[in-house]
Amino acid sequence: MWNAQKIQEVVESNKIVIFAKGSKMMPMCGFSQHAIALVGRLGKPFEVVNIFDDPNIRPALIEYSKWPTTPQVFVGGELLGGSDIVEELMNDGELQKKVEAAFAG
């Protein structure tokens with residue numbers, strides 16, 4: 001059963017995780033596809049949780065993150081945001097720093 005505690009466990013057990021509409025291989029919305037592509041360019045392993053796999057994932061995710069939209073990208077346990085924020089972070093070099101720090105720790 002998905003709840004905020006399970007979301008926290010997934011976030012804490014993966015250095016990078018994206019809660020998205022669809023999967024890594026088959027994103028089901030443009031924003032999810034963009035976030036997955038951006039993170040994929042970094043060359044580090046990451047997980048994608050398809051919020052459509054269980055109707056309880058999305059409400060549990062919103063309860064945990066206090067963020068109403070998807071995708072939600074977490075790096076090193078920190079919610080970075082959606083595809084637009086991740087793109088900004090990538091463009092200014094901050095995403096790479098956060099990812100390197102997550103994998104160093």
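Rules used throughout
Residues numbered from 1 in each chain as written. Predicted model: local features only at pLDDT ≥ 70, side-chain atom pairs only at ≥ 80, totals over all residues. Heavy atoms only, no water. Buried < 20%, exposed > 50% of the residue type's maximum accessible area, 1.4 Å probe, protein only. Helix = DSSP H or I, 4+ residues; strand = E, 2+ residues; numbered from the N terminus. Arc of directions from axis to C-beta. Pairing = 2+ DSSP bridges. Axes fitted to C-alpha atoms, helices over the stretch in contact; angles between N-to-C directions. Contact = heavy atoms within 4.5 Å.

Caption draft 1: Molecular detail of helix α4 (residues 83-91). Residues of α4 that are buried: Ser83, Val86, Leu89 and Met90. Angularly, the buried residues of α4 cover 125° about the axis, an arc narrow enough to put them on a single face. Exposed and facing more than 90 degrees away from the buried side of α4 are Glu88 and Asn91.

Caption draft 2: Region of interest: the sheet that holds strand β1 (residues 16-20). Strands sit in the order β2-β1-β3-β4 across an open sheet of four strands; the sheet is mixed. Each edge of the sheet is formed by a strand with only one pairing partner; in this case those strands are β2 (47-50) and β4 (78-81). Each strand axis lies, on average, 25° off the axis of its neighbour in the sheet, ignoring direction. Strands β1, β2 and β3 (72-75) of the sheet are contacted by helix α2 (residues 30-40), whose axis makes an angle of about 165° with β1.

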